[in-house]
Amino acid sequence: MDKRKIEDYQDIIHLPHFVSRERPHMSMSERAAQFSPFAALTGYESAVEEATRLAEQAES
């Protein structure tokens, strides 16, 4: 893999961050929501709930 150095970006490193005139700034929660369908642990919460239910049922 090509290792890049900071010197490779000297021509652009001090440029201002782009801000769109047409689209409003997106909040952190809106940005996070874009990636929620790709959560690494999809289904984990329901699996934990099921394990809890089974453990409570076994105690009874």
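As shown above, the structure is provided for reference.
Quick look at the overall build of the protein now. Along the protein, the regular secondary structure elements total two helices and zero strands. Taken against the 2.2 N^0.38 rule, which gives 10 Å for 60 residues, the C-alpha radius of gyration of the protein at 23 Å runs more than 25% over that of a compact globule. Overall, the protein is about 70 × 35 × 15 Å in size when its C-alpha atoms are taken along their principal axes. Here the protein holds 60 residues, and 0% of them are scored as buried. Accessible surface, the protein: about 6,600 Å² in total, of which carbon and sulfur atoms supply 58%. Considering the protein, the positive charge centre built from 7 side chains and the negative charge centre built from 11 side chains are found 11 Å apart.

Turning to the environment of His25, a few remarks are in order. Position of His25 among the secondary structure elements: in the segment before helix H1 (28–35). Residue His25 is classed as exposed on the basis of its relative accessible area of 77%. Put simply, His25 and Gln57 are 32 residues apart on the chain and 49 Å apart in space, counted from C-alpha to C-alpha.

Attention shifts here to the layout of surface pockets. Volume-wise, the largest pocket comes out at about 280 Å³. As for the largest pocket, its lining consists of His17, Phe18, Val19, Ser20, Arg23, Pro24, His25, Met26, Arg31 and Gln34. The residue makeup of the lining of the largest pocket, split by class, is four nonpolar, four polar and two charged.

This brings us to the pattern of salt bridges. All chains considered together, the criterion is met by one salt bridge. A salt bridge links Glu50 to Arg53; the nearest nitrogen and oxygen atoms lie 2.7 Å apart. Note that Glu50 and Arg53 are positioned in helix H2 (residues 44–59) at a spacing of three residues, about one turn of the helix. By relative accessible area, Glu50 is classed as partly exposed at 34%. With a relative accessible area of 41%, Arg53 lands in the partly exposed category.

Quick notes on the rules
- Residues numbered from 1 in each chain as written.
- Predicted model: local features only at pLDDT ≥ 70, side-chain atom pairs only at ≥ 80, totals over all residues.
- Heavy atoms only, no water.
- Helix = DSSP H or I, 4+ residues; strand = E, 2+ residues; numbered from the N terminus.
- Rg over C-alpha atoms; globule rule 2.2 N^0.38 Å.
- Buried < 20%, exposed > 50% of the residue type's maximum accessible area, 1.4 Å probe, protein only.
- Areas by Shrake-Rupley, 256 points an atom, 1.4 Å probe, with all protein chains shown as cover.
- Lys, Arg positive; Asp, Glu negative; His and termini not counted.
- Charge placed at Lys NZ, Arg CZ, Asp CG, Glu CD.
- 1 Å grid on protein atoms, 1.4 Å probe; cavity = no way out; pocket = protein on both sides within 12 Å on 5 of 7 lines; lining within 4 Å.
- Points joined across faces, edges and corners; volume = space filled by probe spheres on them.
- Nonpolar A, V, L, I, M, F, W, Y, C, P; charged D, E, K, R; others polar.
- Salt bridge = Lys/Arg side-chain N within 4 Å of Asp/Glu carboxyl O.

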